[in-house]
Amino acid sequence: MSKKVEKDKVGMIIREEDSLEKMEVEITEVKAPGDDDSPVLIYYEWCKKCGICVAFCPTGCLGRKADGSPYVAAPEKCIHCETCDRLCPDFAITGAKDR
Amino acid sequence: MSKKVEKDKVGMIIREEDSLEKMEVEITEVKAPGDDDSPVLIYYEWCKKCGICVAFCPTGCLGRKADGSPYVAAPEKCIHCETCDRLCPDFAITGAKDR
Amino acid sequence: MAKNYEIRLSGSGGQGLILAGIILARAAVHDKRRTTQTQSYGPESRGGYSRADVIISDSEIYFPEATSFDCLLSLTQEACDKYIFDIKEQGVLIVDTTFVKNLSLVSDNTYEVPFTDIAQEKLGSPITTNIISLSFLVKITGVVKPESLKKAIEESVKPAFVSLNLKAMELGFELAQQYKK
Amino acid sequence: MAKNYEIRLSGSGGQGLILAGIILARAAVHDKRRTTQTQSYGPESRGGYSRADVIISDSEIYFPEATSFDCLLSLTQEACDKYIFDIKEQGVLIVDTTFVKNLSLVSDNTYEVPFTDIAQEKLGSPITTNIISLSFLVKITGVVKPESLKKAIEESVKPAFVSLNLKAMELGFELAQQYKK
Amino acid sequence: MANIPQKIIHEYLRHDKKFPHVWCSGCSNGIVLGGIIRAIADMQLDRDDIMMVSGIGCSSRMPVYVDFNTLHTLHGRSIAYATGIKLHKPHMKVIVVTGDGDCTAIGGNHLIHAARRNIDLTVVLINNNIYGMTGGQCSPTTPHEAIATTAPYGNIEPDFNICNLAMGAGASFVGRTTAFHAIEMQNMIKDAIIHPGFSMVEVISACPVIFGRLNKKGGAPDMMKAMRDNSIPLAAVEKLPPEKVEGKIIRGILRRDERPEYCDEYAKLVKRVQAKEAK
Amino acid sequence: MANIPQKIIHEYLRHDKKFPHVWCSGCSNGIVLGGIIRAIADMQLDRDDIMMVSGIGCSSRMPVYVDFNTLHTLHGRSIAYATGIKLHKPHMKVIVVTGDGDCTAIGGNHLIHAARRNIDLTVVLINNNIYGMTGGQCSPTTPHEAIATTAPYGNIEPDFNICNLAMGAGASFVGRTTAFHAIEMQNMIKDAIIHPGFSMVEVISACPVIFGRLNKKGGAPDMMKAMRDNSIPLAAVEKLPPEKVEGKIIRGILRRDERPEYCDEYAKLVKRVQAKEAK
Amino acid sequence: MPKTKTEKTKVAAVKEAPIKESPKKDNRKVVLMQGNEAVALGALDAGVNFFAGYPITPSTEIAEILAAELPKRNGVFVQMEDEIASICAITGASLAGAKTLTATSGPGFSLMQEGIGFAKITETPCVVVNVQRSGPSTGMPTSPAQGDIMQAKWGTHGDAPAIVLYPDSVKESYELTIRAVNLSEKYRTCVILLLDEVIGHMREAVTLPDIENVRVISRIKPTVPPQWYKHYDENQKYLSPLASYGEGYRFHVTGLTHDSHGFPTNKASEAADMMERLRKKISHNIRDLVQIESHKMEDATIAIFAAGITSRAAKSAVAAARAEGIKVGLLRPLTIWPFPDDAVRRMLRNVETVIVPELNQGQLIHEIQRLTKDKSDSNLIAIQRVNGRLITPNDILRKIKEVC
Amino acid sequence: MPKTKTEKTKVAAVKEAPIKESPKKDNRKVVLMQGNEAVALGALDAGVNFFAGYPITPSTEIAEILAAELPKRNGVFVQMEDEIASICAITGASLAGAKTLTATSGPGFSLMQEGIGFAKITETPCVVVNVQRSGPSTGMPTSPAQGDIMQAKWGTHGDAPAIVLYPDSVKESYELTIRAVNLSEKYRTCVILLLDEVIGHMREAVTLPDIENVRVISRIKPTVPPQWYKHYDENQKYLSPLASYGEGYRFHVTGLTHDSHGFPTNKASEAADMMERLRKKISHNIRDLVQIESHKMEDATIAIFAAGITSRAAKSAVAAARAEGIKVGLLRPLTIWPFPDDAVRRMLRNVETVIVPELNQGQLIHEIQRLTKDKSDSNLIAIQRVNGRLITPNDILRKIKEVC
Ligand SMILES: Cc1ncc(C[n+]2csc(CCOP(=O)(O)OP(=O)(O)O)c2C)c(N)n1
Ligand SMILES: Cc1ncc(C[n+]2csc(CCOP(=O)(O)OP(=O)(O)O)c2C)c(N)n1
Ligand code: SF4
Ligand code: SF4
Ligand code: SF4
Ligand code: SF4
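Quick caveat, the model's predicted, so the values are computed rather than measured. Throughout, residues of each chain are indexed from 1 in the direction in which the sequence is written. All chains are assigned letters beginning at A, and all ligands numbers beginning at 1, according to the order in which they are written. Note on the predicted model: pLDDT of at least 70 is required for a residue's local features to be given, and 80 or more for side-chain atom pairs to be given and counted; whole-chain, interface and lining totals, by contrast, use all residues. Side-chain numbers here rest on the full set of heavy atoms in the structure, without hydrogens or water.

Attention now goes to the overall build of chain A. Helix and strand counts for chain A come out as 3 helices and 4 strands. Under the scheme used here, helices are H or I runs from DSSP no shorter than 4 residues and strands are E runs no shorter than 2 residues, and both carry numbers assigned from the N terminus. Mapped from its N terminus to its C terminus, chain A presents α and β elements in the order α-β-α-β-β-α-β. When a residue's accessible area, from a 1.4 Å probe over protein chains only, is under 20% of the maximum for its type it is buried; when over 50% it is exposed; and in between it is partly exposed. Taken across its 99 residues, chain A has 55% of its residues classed as buried. The contacts in chain A between residues at least 6 apart in sequence include a share of 42% that link residues at least 24 apart. A total of about 4,600 Å² of accessible surface is found on chain A, and carbon and sulfur atoms cover 52% of it. Residue contacts are counted whenever heavy atoms from the two residues lie within 4.5 Å of one another. In short, Shrake-Rupley with a 1.4 Å probe defines the accessible areas, and a residue's cover is counted only from the protein chains shown.

What follows is the structure, encoded as structure tokens:
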């Protein structure tokens, strides 16, 4: 499902509106390109593609896709400094070890 | 007239009130105990007897009457420093030379 | 409907008339009568015009301002001039001749007493003029019992000033004796 | 009373629909017709829901909001679902299939075009989706003259972006040619 | 009017207004009014160009007495009104007369923003440490532990250092003096009016009838003596050991910076925009 | 919730609220929210005791997202509401989240008075130099010459130094940091919450969508880089020559004083009065 | 002590009498006090434990008394930097669980309007006392007027139904203050008490009830566990339980249009729900809210409709007119908003002429016009005065004689 | 271009048409613009040269446009620290001789109330534009409502008669802004322009008049020498010349009750004079002030009374109903305060039923109730909506059909 949802939501941030139920947020599944053993988890549902995590990852672990969203480009480089955690304005990424 | 007005007004500050015309202020005559040659002029109509001029006259030229109002106790002492002028909150006294 | 007794105390701010009004109203309460006390003064509570009305009655008092006076006390010429024509026919007029020099209307019930001068003379300061004149009024009109007035004064002034004010009261009573027609 | 032509452009904030509405209204002015353009959006002007209504008429337009649409453009599923049932019987529905996946109502006058994908593909960014789809709409419905649309676009976007948007317009016209039934 | 005292002052009073003025016996407000008039007389400013604006309070009653352009506004809002006047008629000398409550309680926001903008107003803030007009309630400058009618057990709030506040907001001219130091006050007000930008002069003042009585400060002369004895000039501060400075009123011009003035900046903007338009 | 990112944060969010949140892509507001949550998590405070109050603005939308006691008030009034809450429930940790416009334009008066009283509120002031919510009007912190929709020719007003303002008003804890310095921010907020008295942390923030675009500041990462490159820690200031400090954002705790706290003082007053009454 | 016969017919069906009858009447204390003092004492007796305010003539005594009294009872008195901060502070404190009140006058009341709207939309209990003075603007601060009657209902932007009480005596100032606090707690809203300057400063003897005889209403606290708590969970009469901050219910409050949990919404249906709740909790409880005094109305052909101090002039006039055989009565609203529409309509049906004296340029008269469709304009007579002086019994008597 | 027949009967006798008929109609520019833009342009064309404001949705565009335009014309634009400062600044500037305007919305309008009262008592010209949004409190900032109609009259404390205008289109926003400025100058008072959010943000084609065809009224300057100048020297119609600060007339202005020179007074007679002047300059000039549109009323048996955006829904409904043969018309006030009592009374006399649709919980309906004594309550029909959405033509049409 992850891929699909990710694609569907590109450019769309939906807000509540009449006669539509509030968008239910699913936080049960994390979509990271790669498996759950990835050193960094990215929750694309919430990511707004600002590029901050990529810009400030001190090791160059993260890369940026064409649409602006981050991905784990070099998993081995992650030092779990949690910079991306702290600087992501949308709580959509973590490099924390303990998570 | 000076004496009389002075006496009449003790303790009475009259403010405008219905059906009474505004009190006309007369500033044509100055009542100083002594004549116009007095080094200090005191306008008793406006004096509220706060005692400031007496307290701060540096030379002791001024004295205070029983009712609290100032008078020129020692005319010869006046040095025309204008302290009384500046500190009188009611513009009711002057020791200025040029007046 | 039972009759209201309407009193206006008038003068200028700083003469303590509102306190006098309160004391009078308190005395009426001690007499177990109904009372209202209202006042009016300029925006500058010090120095401006000032008046206190007290109405005393045995029945419910509706309108709380005195409109025609059973008794008018005036401590200034201005106040006197302003209100003198609203005294009831048999109403009592009491003026402080220290300041009130002209009376446009004099009757049997007019009392002219130099309260401020007397206060200055007898008690060393004009500060008790309000109590002297109020006590005078009470004694002349009998509107409240003297004991009630005394109790009210005791309750209303700062402890340090009670004895001075009681002296003033006595003085007022004496003056009334003296001036009583 | 002459007929109003009522258009609703709907989607989400940031899709440039209000600008599209303004351009359409401007074009109508160039056609010397009457027009009103209104809009509605969430308190967050960015990201929330957004819609622009344009009414074009030859007579005075009273109520300025579109209530039943001669043409509905929907760039999101939500907007489409919300408004689809208010299309007039012969009304035109245009949806961006990049986002609108389900249509609860399809007629002869329904056009399903992946505008955003096409914009991304042909012009390198989804930013001109609004102009492409608007131009498509204009060509399909003929509600304003293409020249007027062009003039309106030129007047409404920043000089630096005019040529890009005119390209987008042409693309929209071409698509209309292609999809025209 | 040959023989009246204080000729200079009387020349500037509105003679059809009620005198003696409304203020209590010994109140510093009159002294400050004198200082302002003398400052203006010294500078020989055209009185048609003088605008005096005030809020509500005893001190704010000042404008009615003087023969300038005068505006008595709402409680706390004098600076906002003054800003409108100054911006429309930048040539006018706009003097705001305000109390500690008026200017730093309800009006605090306007003070700090005028200071920030550096608009050429002269604020004469008469600080009597109390709300005089309404009969003695606590002010933001009522000293800690002092009595006020709304602080019957002594004030638990710290008081503003108004000059620090104004400086923190960016004021370019800030001075403090007392009503006792009449010549200093007069000169400081003059300097403040001359200063091309926002200026504030805090005048520590005596309200003998309300603040004085509540706090047993003696009569007006006593309160004035306290000003004399409990204040030190800025120049002396450095020379004194800290314990001698502690708790004292520091008098003097605490700040005097050259900064672009707001009306000037606006005029420049207008020029710039119109030059661009002309092209 | 085993696998979601940022477990700590998510624990504190209201999961029935709409996420992603309302703020634009790259807006610092989310980073500051993260910092506040982390600070509170670090201290292991009971969330029932946390009160978050805000005014109106983008930044002031924060409370709706977090599972504390939350109050979203009127534009500029957050501190006044917070004062009421704190005085009635002094044990609560009251955090005020506010924007530069909310807190220093319309709300300036409440800021300076809370600072003066030294009431134990923690004000987190998110300074993005603009009115974000209403679409880019000038704020009291919009830099001189910057563009805003109400300053289309460049802002002619000087901007507040908010920390100076707060200190001028008497604030006992004043700090400044940036959204880029996330750890510093988190710790400074922690210190501010711990501080027994009024505390304010100014967080320099990026509004890439409004301020950034109007002023061609690049994207969010660029604006964050600018925070990094144009700021220096307080500790370094003394060591640098003045020209290197000029125009820089100075980060750090600028003031941290021990002063009697207002609720404490009130409690003491109550005790004192009641002891007297008992006699 | 002979008592004038005054039938106080409370039209409201279920009247919440704030004072219960005391069995030991004789022991009660009779005190001479001012209206403002009575308000302060009423507030204390009603359980107000938080006051934030800013001084202004002629309301200041209320603050001054509470500054002295609240610390004695573990309450908070705080003088804020202005009236805006004051209304905000009491609203915040109320959400934290306090019973709150502030007092002001015209200029401050105008400044509080935004905050009053916030208290109303968030359904937060609080009381604002407005001791009216002559306006507009600074006006005459020590002179009476009744110029804020309409403002008390319409002063804030948007629709925000109002509860406004209006006493006519010192004793009633005490009683209606208690009632105002009670109603604010019960209906979860900002209740306004309008006083006349003259009543605020007037002194009358008041028999204070024993405190245990004062009926105090406090907000209903939620009984559900926090997860189930809805901040705006209406029960039948639109009165819902109210949690306090810091007690485990981590609710959200906003001045934005919100859903029943208190979270912002733009849904038309939820917005409508919220607005309807605000309206209906007043309109569906009219009988509980409205109090009106009917004085000698039984056989009246002329009615006077007046509030506050003006109604006392009217009572004097009624007495005088009745002494001359004129059949005149008085209707006096104790609750001025919601306006006692039904009661007024019913009670004025049988009179020929209505006289509406008020200290303004025409406020109550508009409502009476609205409710007396059966009467021609010439049978509706206004007496208006705005010169800082009271309307006197004579002013009214003269009009009565003109029309009878 | 066929034009729907709409008879715009202006009931006011001497209508000050802000736009003179232009001889060269064809040359005029047709521009698509927003209501807010039209207000800004109207202000400029009316000669406004001073704007002080504080941003708030949905009025902000007015400030933004004036920020760009005023410097080009030697005018002043200043963004103040809040709305309170804004109303004060424009009042100050006006006294210094500027033509001034500010723009805001609900919350800001509430905050301005004290300052509005000051402008009124001091008789200082200025214009406040309130682009109404959904309230109360923060409400729904981007949604429309007509909730501030009563507040526009009653929002400030004390009695302060109001002039309030209410356009229904972009073009009329332009025209009524000019008229508002003109009336403020002529009547020396704070004039309020109420806009609906939808109108503020709506775009329509507007034919702008040549500037020389715009009729601009400016305050009368005194001709007497300064010593003779009275700041409030009423002429017959209570409109008096107005000096500006800094031009030799060293007058005094205060928010206290004042005499004709502007100096404070407590005299009952002077206070009454002042209050009467404030009232009469409005009430004696009703014919000049009131504008009302009568649309298809000649033969109507059903009338709709509606203002602003709601009147446009009503017009649609009228057209639809007429198409079905139902005789329905519309009355629309352009001047909402002073309320067009006489005109409304006269024009509603011949209809059977009146429908009052409004985007609030009942404001205009009260006035109509007052003025339709001849109609039973069941013939007065309210349509009220407060969910952030408009009342639609269908909503009204449905009601028309119910009653016809
Ligand atoms: C909005 C408003 N709030 C309150 C008041 C009442 N008020 C009048 S003057 C004043 C305080 C005055 O104190 P300050 O400014 O220090 O001047 P002072 O009288 O001591 O010279 C207050 C609270 C008012 N007029 N308007
Ligand atoms: C009384 C009032 N005036 C104006 C507004 C409109 N308004 C809402 S948010 C805002 C400014 C927000 O700026 P800031 O506080 O800096 O927060 P940001 O959006 O930048 O985070 C304004 C002016 C309002 N809601 N209420
Ligand atoms: S910082 Fe967060 S929102 Fe921004 S790109 Fe990275 S994950 Fe996405
Ligand atoms: S002028 Fe100086 S010396 Fe002379 S009386 Fe006055 S204070 Fe004394
Ligand atoms: S109360 Fe105080 S400040 Fe006011 S006039 Fe009297 S002494 Fe001066
Ligand atoms: S407008 Fe600016 S402050 Fe507001 S959410 Fe967007 S980036 Fe953040």
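A few words on the interface of chain H and chain G. The interface is formed by 59 residues belonging to chain H together with 59 residues belonging to chain G. Summed over both partners, the accessible area (1.4 Å probe) lost when two parts come together is defined as the buried area. A buried area of about 5,000 Å², summed over both sides, lies between chain H and chain G, and 56% of it is on carbon and sulfur atoms. When a carboxyl oxygen of Asp or Glu lies within 4 Å of a side-chain nitrogen of Lys or Arg, that pair is called a salt bridge. Here chain H is connected to chain G by 3 salt bridges. Under this definition, polar contacts are N or O atom pairs within 3.5 Å; protein pairs additionally need one hydrogen-donor-capable and one acceptor-capable atom, and for neighbouring residues in sequence, both atoms have to be side-chain atoms. Between the two partners, chain H and chain G, sit 32 residue pairs in polar contact (both at pLDDT 80 or more). For the side of chain H that touches chain G, the secondary structure elements donating two or more residues are α4 (106-111), α5 (113-121), α6 (149-154), α9 (268-283) and α13 (364-371) of chain H. Here the element with the most residues in the side of chain H that touches chain G is α9(H); it accounts for 7 residues. Within the side of chain H that touches chain G, the residues separate by chemical class into 21 nonpolar, 26 polar and 12 charged. Charged residues are taken to be Asp, Glu, Lys and Arg, nonpolar residues to be Ala, Val, Leu, Ile, Met, Phe, Trp, Tyr, Cys and Pro, and polar residues to be all remaining types, Gly included.

So, on to the pattern of salt bridges. Following the criterion strictly, the structure yields 101 salt bridges over all chains and no others. Between Arg255(F) and Asp257(F) there is a salt bridge, with the nearest N and O atoms lying 4.0 Å from each other. As a salt-bridge pair, Arg332(H) and Glu172(H) come within 2.6 Å of each other at their nearest N and O atoms. Taken as a pair, Arg332(H) in strand β12 (residues 328-333) and Glu172(H) in helix α7 (residues 170-187) lie far apart in primary sequence, 160 residues in all. One connected set of salt bridges, linked through shared partners, spans Asp168(G), Glu172(G), Glu293(G), Lys315(G) and Arg332(G).

Our focus in this paragraph is helix α5 (residues 113-121) of chain G. Residue and element names in this part refer to chain G. Among the 9 residues of α5, 9 are classified as buried, and the element is accordingly described as predominantly covered. Taken together, the buried positions of α5 are Gln113, Glu114, Gly115, Ile116, Gly117, Phe118, Ala119, Lys120 and Ile121. After α5 finishes, the residue Glu123 shows a positive phi value of roughly 55 degrees.

The next thing to look at is the sheet that holds strand β12 (residues 328-333) of chain G. All names here are of chain G. Note: two strands are recorded as paired if DSSP finds a minimum of 2 bridges between them. The mixed open sheet is built from 5 strands, whose spatial order is β10-β12-β11-β14-β15. Either end of the sheet is taken by a strand with one partner, and the two such strands are β10 (292-295) and β15 (380-384). Across the sheet, the axes of successive neighbouring strands diverge by a mean angle of 20 degrees, strand direction being ignored. Bridge count between strand β11 (residues 302-305) and strand β14 (residues 353-358): 3 bridges; the pairing is parallel. Across the sheet, the residue bridging to Ile304 is Ile355, located in β14. To obtain each axis, a line is fitted to C-alpha atoms, and for helices this fit is confined to the stretch in contact; angles are then taken between N-to-C directions over 0 to 180 degrees. Those strands touched by helix α11 (residues 308-323) are β10, β11, β12 and β14, and its axis lies near 165 degrees from that of β12. In this fold helix α13 (residues 364-371) packs onto β11, β14 and β15, with an angle of close to 160 degrees to the strand it touches most, β14.

In this model, Thr57(H) is joined to Pro58(H) through a cis peptide bond whose omega is 0 degrees. Mapped onto the secondary structure, Pro58(H) falls in the loop between β2 (50-53) and α2 (60-69). For the bond running from Trp337(H) to Pro338(H), omega is -5 degrees, close enough to zero to count as cis. Structurally, the position occupied by Pro338(H) is in the loop between β13 (335-337) and α12 (341-348). Positive phi is not limited to glycine here, since His80(A) has a value of about 55 degrees. Considering the arrangement of structural elements, one finds His80(A) in the loop between β3 (70-72) and α3 (83-87).

What follows covers the relation of the copies chain H and chain G. Only residues with pLDDT of at least 70 in both copies contribute their C-alpha atoms to the least-squares superposition of the copies. With an axial shift of 0.0 Å and an RMSD of 0.0 Å, the rotation relating chain H to chain G amounts to 180 degrees. The transformation relating the two chain copies, once decomposed into turn and shift, fits a two-fold axis. In this assembly the copies share their binding face: 100% of the residues contributing to the interface of chain H also contribute to that of chain G.

The share of residues in chain A with pLDDT of 70 or more is 63%, and the mean pLDDT across the chain is 71. pLDDT expresses, on a scale from 0 to 100, how confident the predictor is about each individual residue. Taking the mean pLDDT of every element in chain A, the minimum, 31, falls on helix α1 (residues 2-8) of chain A and the maximum, 97, on helix α2 (residues 52-56) of chain A.

Here the focus is the site of ligand 5. Throughout, the term near means that a residue has one or more heavy atoms lying within 4 Å of the molecule or strand in question. Taken together, 12 residues lie near ligand 5, and Cys24(E), Cys27(E), Cys58(E), Asn128(E) and Cys207(E) sit nearest. Site remark: ligand 5 is flanked by residues from chains C and E. A per-element tally of the shell around ligand 5 places helix α8 (residues 208-214) of chain E first, with 3 residues.

What follows covers the side chain of Arg179(H). In this fold, Arg179(H) is placed in helix α7. A polar atom in the side chain of Arg179(H) sits 3.3 Å from the backbone oxygen of Asp288(H).

Burial within helix α3 (residues 78-88) of chain E is extensive, with 10 of its 11 residues counted as buried. Of the positions making up α3(E), those classed as buried are Ser78(E), Ile79(E), Ala80(E), Tyr81(E), Ala82(E), Thr83(E), Gly84(E), Ile85(E), Lys86(E) and Leu87(E).

Here 20 pairs of chains are in contact, and chains G and H lead that list by number of contacts. One thing to see here is that chain C and chain F don't touch, and their nearest C-alpha atoms sit 18 Å from each other.

Attention now moves to the pairing of strand β3 (residues 93-99) of chain E. Residue and element names in this part refer to chain E. Among the 7 residues of β3, 6 are classified as buried, and the element is accordingly described as predominantly covered. Bridge analysis of strand β1 (residues 50-54) against β3 gives 5 bridges, and the strand direction is parallel. In the sheet register, Met52 faces β3, and the bridge partner there is Ile95. Of the pairings in the sheet, the one linking β3 to strand β4 (residues 121-127) comprises 6 bridges and is parallel in character. Within the sheet, the bridge partner assigned to Val97 lies in β4 and is Val124.

What follows deals with the environment of Glu247(G). Residues and elements named next belong to chain G. With respect to the element layout, Glu247 can be found in the loop between β8 (203-208) and β9 (252-254). Since its relative accessible area comes to 39%, Glu247 is described here as partly exposed. Spatially, the C-alpha atom of Glu247 lies 28 Å from that of Thr177, the residues being 70 residues apart in sequence. Reaching out from Glu247, the side chain makes a polar contact with the side chain of Lys221 at a distance of 3.1 Å.

The next subject is the sheet that holds β9(G). Strands sit in the order β7(F)-β8(F)-β5(F)-β6(F)-β4(F)-β3(F)-β1(F)-β2(F)-β9(G) across an open sheet of 9 strands; the sheet is mixed. Here the strands that pair on one side only, and so sit at the sheet edges, are β7 (231-233) of chain F together with β9 of chain G. With strand direction ignored, the average angle separating the axes of adjacent strands in the sheet is 20 degrees.

So, on to the packing of aromatic side chains. Classification of ring pairs uses Phe, Tyr and Trp, with its six-membered ring standing for Trp, and accepts pairs whose centres are within 6.5 Å; under 30 degrees between planes counts as stacked, over 60 as edge-to-face, and the remaining range as tilted. Evaluated as defined, the whole model comprises 36 aromatic pairs over all chains. Centroid distance Tyr12(F) to Phe68(F): 5.7 Å. Interplanar angle 55 degrees. Geometry classified as tilted. Residue Tyr12(F) is found in helix α1 (residues 7-12), and its partner Phe68(F) is found in the loop between β1 (50-54) and β2 (69-72); the two are separated by 56 residues along the sequence. Here Phe68(F) falls in the buried class, since its relative accessible area comes to 0%. Joined through ring pairs, the aromatic side chains of Tyr43(A), Trp46(A), Phe19(F), Trp23(F) and Tyr65(F) make up one cluster. Over a ring means this: the NZ of a Lys or the CZ of an Arg is within 6 Å of the ring centre and within 35 degrees of the ring normal. Sitting over the ring of Phe173(D), Lys139(D) keeps its end group 4.7 Å from the ring centre. The aromatic ring of Tyr12(E) is capped on one face by Arg47(E), whose charged end is 4.3 Å from the ring centroid.

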